[in-house]
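# Residue-level structural notes
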Amino acid sequence: MDPEKIRNTIKKIGRYAERNGWEAAAFRILEGVKETVDDRVYSEEMSMAPAAGSVREEASDVRLSLIIPVCDPDIDDFAHLLDSLIQQTFTSFEVIITDGGSKGETEDVVKTYMEDPGTGIDIKYFMLDRNLGISGNTNEAVKRASGDYLVFLDHDDFLEADALSETVKKIREGALMVYTDEDKYDGRSDRFLSPNLKGDFNLDLLLSNNYICHMLTVKRELIERVGGFRSEYDGAQDHDLLLRLSEVIPREKIVHVPKILYHWRVTENSTSGNPDSKLYAYENGKKAVRDYFERRGIDAEVKDTAHMGFYHPDYRRAWKGNSEYLMFIDKRLQAMTPEYEKCLGG
């Protein structure tokens, strides 16, 4: 094993023990061993998995805009993403890239793809006057999009060839928001890890953790309706957006594709590879959940858990004295109102 990786692992264990105690840390080490074994099995399965079909579809009923904010990406990783877009079996999409201040190499790579007629993809590249942060750069891409639906991608991840095709199937069935399963990819060892097989939409789970994450597709007018991304939540801007979208999209219109179509690249500076790299993201995620409750008029306390990025909503303050109640209606958490109380009393 890489000595640097060993040192980083020891540091992570020490920080975990400081937060949760050595007994919990010992249990987490055992969990980690099991996860390592599971990852090896999964990586072997992925290496033998057949490639997605190559039948390409040109459609006029659905137009996607792939939103990619960039700022000094690793050039090879960025090219890997663009290559995965060329391989898509669904081809009715545009690629909107907003650059928050990369060096010239990024623009050169994009122009290579734009000028090559063999790529078959419509790329629009915009160098911004200044770096507006992840939320601001993403909003600038949204402003320039013309598609019916927006697909949000990180600049160093990549897709399976049928990622867009599977998403469009759900859109044609009436979905307004679509998310897929995902895994992680370690380019250093060329291994796929940690398959994340998600369930159908679950608001209670979303209030505890951003389990949706990648790959997210949303009808453009709904993004505009809720005001897009908010810079004060950078690092957890997608969690904040999802919670606001959950307030305006009917439950049955939020659809899960139970298939791993998105590969989240593991790097030392990403939260996928090093949760300690962006501690501010977890505080902003906590703030996003707290703000959701405030908007809904629910007096809940949002607490940290042993695992960063996971929260425990405590509703005891809302129940205190039994003067107010909380209830689930169609799997949505609602504050009790006189109208609901009258219905229940009847």
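Residues numbered from 1 in each chain as written. Predicted model: local features only at pLDDT ≥ 70, side-chain atom pairs only at ≥ 80, totals over all residues. Heavy atoms only, no water.

### Side note on the pattern of salt bridges
Evaluated as defined, the whole model comprises 21 salt bridges. Of the charged contacts in the structure, one is a salt bridge between Arg230 and Asp240, with a shortest N-O distance of 2.9 Å. Taken together, the positions of Arg230 in the loop between α8 (220–226) and α9 (237–245) and Asp240 in helix α9 put the pair 10 residues apart, joining distant regions of the chain. Taking the relative accessible area as the measure of exposure, Arg230 reaches 23% and is therefore partly exposed. A residue is classified by how much of its surface remains accessible, and Asp240, at 0% relative accessible area, is buried. Between Asp240 and Arg244 there is a salt bridge; the shortest N-O distance is 2.9 Å. In this pair, Asp240 and Arg244 are both assigned in helix α9, four residues apart and thus about one turn of the helix distant. Of the two residues examined, Asp240 and Arg244, each falls in the buried class. Through salt bridges with shared partners, one network takes in Arg63, Glu94, Asp122 and Lys124. (Salt bridge = Lys/Arg side-chain N within 4 Å of Asp/Glu carboxyl O. Helix = DSSP H or I, 4+ residues; strand = E, 2+ residues; numbered from the N terminus. Buried < 20%, exposed > 50% of the residue type's maximum accessible area, 1.4 Å probe, protein only.)

### A look at the packing of helix α3 (residues 75–86) against helix α4 (residues 104–115)
Packing of α3 against α4 brings their axes to within 11 Å, and their N-to-C directions diverge by 20°. It follows that α3 is roughly parallel to α4 by the angle criterion. Seen along the crossing, α3 lies across α4 with a hand that is right-handed. Contacts from Ile75, Phe78, Ala79, Leu82, Asp83 and Ile86 of α3 reach α4 at Glu105, Thr106, Val109, Val110 and Tyr113. (Axes fitted to C-alpha atoms, helices over the stretch in contact; angles between N-to-C directions. Parallel < 35°, antiparallel > 145°, perpendicular 65-115°, else oblique. Left-handed = near helix turned anticlockwise from the far one by under 90°. Contact = heavy atoms within 4.5 Å.)

### As for the nonpolar core
The biggest cluster of nonpolar side chains holds 78 residues, and the ones touching the most others in it are Leu64, Leu85, Ile97 and Leu153. Among the elements that line this core, the one with the most residues is α3, at seven residues. Residue contacts for Ile97: discarding those within four places in its chain leaves Ile68, Val70, Phe78, Leu82, Val110, Ile123, Lys124, Tyr125 and Phe126. (Core = buried A, V, L, I, M, F, W, Y, C linked by side-chain atoms within 4.5 Å.)

### What about α4?
If you check α4, its first and last C-alpha atoms are 16 Å apart, about what 12 residues at 1.5 Å a residue would give, namely 16 Å. Residues of α4 that are buried include every one of Thr106, Val109, Val110 and Tyr113, and no others. Buried residues in α4, looked at end-on, bunch into an arc of 95°, giving them a common side. Across α4 from its buried face, at more than 90 degrees, point the exposed residues Glu105, Thr112 and Glu115. (Expected span 1.5 Å × (residues − 1). Arc of directions from axis to C-beta.)

### With respect to unusual backbone geometry
The phi angle of most residues is negative, glycine excepted, and most peptide bonds adopt the trans form. Geometrically, the link from His214 to Met215 is a cis peptide bond, its omega value of -15° lying close to zero. With respect to the element layout, Met215 can be found in the loop between α7 (203–206) and β8 (216–219). Even without being glycine, Asp190 reaches a positive phi, approximately 55°. Here Asp190 is to be found in the loop between β6 (177–186) and β7 (191–196). Asp190 sits in the exposed class, given a relative accessible area of 53%. The residue Cys213 is not glycine, and still its phi comes out positive at about 50°. With respect to the helices and strands, Cys213 occurs in the loop between α7 and β8.

### Brief notes about the pairing of strand β11 (residues 311–314)
In terms of strand pairing, strand β10 (residues 301–304) meets β11 through four bridges, oriented antiparallel. Within β11, the residue paired with Asp304 across the bridge is Tyr311. What sits between β10 and β11 in their antiparallel hairpin is a turn of six residues, with Gly309 showing a positive phi close to 90°. (Pairing = 2+ DSSP bridges.)

### Looking at the packing of aromatic side chains
Evaluation of the coordinates by the stated rule reveals seven aromatic pairs. Centre to centre, the rings of Phe158 and Tyr185 are 5.2 Å apart; their planes meet at 85°, and the pair counts as edge-to-face. Taken as a pair, Phe158 in strand β5 (residues 158–159) and Tyr185 in strand β6 lie far apart in primary sequence, 27 residues in all. Among the residues examined, Tyr185 registers a relative accessible area of 8% and is labelled buried. For the pair Tyr179 and Tyr211, a centre-to-centre distance of 5.9 Å together with 90° between the ring planes defines the contact as edge-to-face. Note that Tyr179 is positioned in strand β6 and Tyr211 in the loop between α7 and β8, a separation of 32 residues in sequence. Judged by relative accessible area, Tyr211 falls into the buried class, the value being 7%. Through pairs of rings, three or more aromatic residues link up here, namely Phe158, Tyr185 and Phe192. Against the face of Trp264 rests Lys184, its NZ or CZ located 5.8 Å from the ring centre. Over the ring of Tyr233 we find Lys287; its NZ or CZ atom is 4.8 Å from the centre of that ring. (Phe/Tyr/Trp six-rings, centres within 6.5 Å; stacked < 30°, edge-to-face > 60°. Lys NZ or Arg CZ within 6 Å of the ring centre and 35° of its normal.)

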